[in-house]
Amino acid sequence: MKKKPLLIGAAIVVVAAGVIAALAMKGGGEEALQVQTAKVSRQKIVQKVTGTGKIQPKTQVKISADVSAKITKLAVVEGQWVEKGAFLLELDRERYLALVESAEANVRSAQANATLVSENMMRSEKEFARSKELVAGNLESQSVFEDKQAAYQVEVARYDAAKNQVSQARAALKQARDDLSKTTIYAPMSGTISDLNKEQGEIAIGSQFQPDVILIIADLSAMEAQINVDENDIVSIAVGQEAEIEVDALPDQVLKGIVSEIASSANMTGAGSSDQKTEFEVKITITSPLETLRPGMTASADVLTKTNENAVSVPIQSVAVRTVDQLAMKGEERKDAEARYQADDDGFVEIVFCIEGGKAVAKQVKTGIQSDELIEILDGLAEGDEVVTGSYRAISKDLENGAVVTVDNETQADAVEQASGTD
């Protein structure tokens with residue numbers, strides 16, 4: 001009978017303790033978050049810069065006419081291989097033949113005129129020399145001498161003008177012959193006719209400022225990817241870096257390449273709008289070209305900018321940012337948090353949540369290079385530390401410094417296994 005009151009009293013104490021604990025949990029908001037974790041380990045990290053663009057021949061020549069005329073002969077078709085010096089096309093020559101004949105006639109006329117003026121000049125020179133002798137012997141008046149002197153000087157000037165006319169006529173003939181020669185176009189290099197823009201009978205417009213491209217000859221054995229890279233990433237790219245190229249038309253094939261050229265000036269699109277982009281063109285020589293590659297194919301490339309074979313790393317989603325106020329634990333003053341965390345110029349601290357005694361403790365880290373999945377930790381963590389890897393919402397928003405958590409890695413493993421089975 002004495003034991004019964006004791007049991008009842010003990011039960012009351014347990015119930016009261018439970019009620020007090022429940023109230024404390026409810027009032028303090030201490031509800032454990034469920035998270036997933038992983039160990040900090042050393043792994044290989046490859047940092048990449050991605051860009052999109054087109055496949056183009058490394059060497060290609062755009063053929064356009066230097067003179068305007070109708071295409072009277074077209075000796076090639078698209079896709080045809082041509083050797084250097086092979087005949088490609090001919091333009092209408094009649095007009096340019098007429099110009100050559102006219103220029104030749106002008107040269108003959110100018111030369112005949114120069115001959116006549118030369119003879120007059122020599123005759124005037126002799127008369128002037130004879131008058132000079134007569135004046136010296138007082139056999140002719142000074143006025144007659146001066147007239148013959150002036151006449152000679154006029155003939156000399158006429159002869160100089162005639163010679164200039166001959167030179168101009170010869171230059172015009174040279175130009176006319178050059179224009180005539182440009183009506184026949186030969187291949188400047190060996191290659192494939194990769195693009196044919198005109199047909200026989202069409203007009204080729206000759207211009208040095210806005211070329212009217214008739215066809216393109218390309219060396220398809222040496223191809224490159226011309227990609228556009230954002231201005232924020234271009235500083236990481238250097239000539240000689242390796243790249244992996246994927247072509248939309250060739251799925252499941254990854255081509256290897258080397259960065260061969262980086263533009264020194266930017267291309268801007270959508271200027272003045274919300275879609276404004278500043279990009280630089282990067283050329284990547286494809287070191288493993290395929291015969292199926294064609295100019296103009298859409299491609300994307302990953303340039304391998306940095307590699308660390310043995311980096312202390314964590315999953316990229318594990319790294320988050322918080323302000324110093326957000327990192328202060330319950331009951332902790334801001335100055336105490338400031339003693340443990342150093343914010344950057346924007347007021348943020350880069351942190352990773354580690355599991356210590358059932359709680360998520362924020363540790364400030366210094367990061368290095370990163371891949372699509374991993375990020376390098378230069379300072380703040382040690383190999384073997386247990387860090388929070390999920391969920392993303394918990395890491396980015398819900399998780400507080402010092403919060404009580406429960407670790408559930410089985411759910412994460414089941415999800416990964418299910419996804420692998422689906423693939």
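This structure is a prediction, so every number in the text was calculated from the model and none was measured.

Right, let's get into the overall build of the protein chain. Looking only at helices and strands, the protein chain features seven helices and 23 strands. Counting all 423 residues of the protein chain, 33% fall into the buried class. Summarising the internal contacts of the protein chain: among those between residues at least 6 apart in sequence, 76% fall at separations of at least 24. Carbon and sulfur atoms make up 50% of the accessible area of the protein chain, which totals about 25,600 Å².

The next thing to look at is the nonpolar core. Formed by 33 residues in total, the largest nonpolar core has its most connected members in Leu88, Leu89, Leu91, Leu215 and Ile217. Contributions of two or more residues to this core are made by strand E4 (69-74), strand E6 (87-91), helix H2 (94-136), helix H3 (142-181), strand E8 (191-196) and strand E10 (213-218). When residues of this core are assigned to their parent elements, the largest contribution, seven residues, is made by H2. If sequence neighbours within four positions are ignored, leucine 88 has contacts with Ile63, Lys73, Leu74, Ala75, Val76, Val82, Ile185, Tyr186, Ala187, Leu215 and Ile217. Within the second largest apolar cluster, 23 residues are counted, among which are Ile227, Ile237, Ala243 and Ile286.

Attention now moves to the packing of H2 against H3. Between H2 and H3, the least distance of the axes is 7 Å, while the angle of their chain directions is 165°. Here H3 runs roughly antiparallel to H2, going by the angle between their axes. Along this stretch, H2 crosses H3, giving a crossing that reads as left-handed. Looking at the contact of H2 with H3, its residues break down into 25 nonpolar, 10 polar and 10 charged.

Right, let's get into the side chain of serine 131. Position of serine 131 relative to the elements: it lies in helix H2. In contact with serine 131, other than residues within four places in its own chain, are Glu140, Val144, Phe145 and Lys148.

This part is about the sheet that holds E6. If you trace the four strands from one edge of the open sheet to the other, you get E7-E6-E4-E9, paired in antiparallel fashion. The open sheet is flanked by strand E7 (184-186) and strand E9 (203-204), the only strands paired with a single partner. Pairing geometry for E6 and E7, over three bridges, is antiparallel. By the bridge assignment, glutamate 90 is partnered in E7 with threonine 184.

Scanning all chains against the criterion turns up three aromatic pairs. Ring geometry for phenylalanine 128 against phenylalanine 145: centres 5.5 Å apart, planes inclined by 25°, an arrangement best described as stacked. Of this pair, phenylalanine 128 sits in helix H2 while phenylalanine 145 is found in helix H3, placing the two residues 17 residues apart along the sequence. You can call phenylalanine 128 buried: its relative accessible area is 16%. Note on phenylalanine 145: relative accessible area 13%, which makes it buried. Judged by centre distance (5.7 Å) and plane angle (5°), the ring pair of phenylalanine 128 and tyrosine 152 falls under stacked. Of this pair, phenylalanine 128 sits in helix H2 while tyrosine 152 sits in helix H3, and the two are 24 residues apart along the sequence. Of the two residues, phenylalanine 128 and tyrosine 152, neither departs from the other in class, the shared state being buried.

When you line up the elements, isoleucine 234 lands in the loop between strand E11 (223-230) and strand E12 (242-247). Note: C-alpha distance between isoleucine 234 and valine 49 (185 residues apart in sequence) is 8.3 Å.

In this section: the environment of lysine 366. Inspection of the secondary structure puts lysine 366 in strand E20 (residues 366-370). On a C-alpha basis, the gap between lysine 366 and leucine 378 in space is 5.3 Å, while along the polypeptide they are 12 residues apart. The residues contacting lysine 366, other than those within four sequence positions of it, are Glu376, Ile377, Leu378 and Asp379.

Moving on to the sheet that holds E8. Reading across the sheet, the four strands line up as E3-E10-E8-E5 and stay open at both edges, with antiparallel pairing between neighbours. Both edges of this open sheet fall to strand E3 (60-64) and strand E5 (81-82), since each of them pairs with a single strand only.

On to unusual backbone geometry. Look at the link from glycine 390 to serine 391: it is a cis peptide, with omega at 0°. Checked against the element boundaries, serine 391 lands in the loop between strand E22 (386-390) and helix H6 (392-398). Unlike most non-glycine residues, asparagine 138 shows phi in positive territory, near 55°.

Right, let's talk about the pattern of salt bridges for a bit. The tally for this structure, following the rule as stated, stands at 19 salt bridges. In this structure, lysine 44 and glutamate 309 form a salt bridge, with 3.8 Å as the shortest nitrogen-oxygen distance. With a gap of 265 residues between them, lysine 44 in strand E2 (residues 41-57) and glutamate 309 in strand E16 (residues 298-315) connect regions that are remote in the sequence. Owing to a relative accessible area of 48%, lysine 44 belongs among the partly exposed residues under this scheme. With a shortest N-O distance of 3.5 Å, glutamate 140 and lysine 148 are connected by a salt bridge. For lysine 148, a relative accessible area of 22% translates into the label partly exposed. Among the charged side chains, a salt-bridge network with shared partners connects Lys48, Glu244 and Lys256.

Let us now look at the confidence of the model for the protein chain. Considering every residue of the protein chain, the mean pLDDT works out to 87; 90% of them sit at 70 or more. Model confidence for the protein chain, summarised as mean pLDDT per element, is weakest for helix H1 (residues 3-28) at 38 and strongest for E6 at 97. Across residues 1-29 the pLDDT falls below 50, and counting only partners more than four positions away or on other chains, this stretch makes two contacts in the model. Low pLDDT, under 50, characterises residues 415-423; the stretch is placed with zero contacts to residues that sit more than four places away or in other chains.

The rules we used
- Residues numbered from 1 in each chain as written.
- Predicted model: local features only at pLDDT ≥ 70, side-chain atom pairs only at ≥ 80, totals over all residues.
- Heavy atoms only, no water.
- Helix = DSSP H or I, 4+ residues; strand = E, 2+ residues; numbered from the N terminus.
- Buried < 20%, exposed > 50% of the residue type's maximum accessible area, 1.4 Å probe, protein only.
- Contact = heavy atoms within 4.5 Å.
- Areas by Shrake-Rupley, 256 points an atom, 1.4 Å probe, with all protein chains shown as cover.
- Core = buried A, V, L, I, M, F, W, Y, C linked by side-chain atoms within 4.5 Å.
- Axes fitted to C-alpha atoms, helices over the stretch in contact; angles between N-to-C directions.
- Parallel < 35°, antiparallel > 145°, perpendicular 65-115°, else oblique.
- Left-handed = near helix turned anticlockwise from the far one by under 90°.
- Nonpolar A, V, L, I, M, F, W, Y, C, P; charged D, E, K, R; others polar.
- Pairing = 2+ DSSP bridges.
- Phe/Tyr/Trp six-rings, centres within 6.5 Å; stacked < 30°, edge-to-face > 60°.
- Salt bridge = Lys/Arg side-chain N within 4 Å of Asp/Glu carboxyl O.
- pLDDT = per-residue confidence, 0-100.

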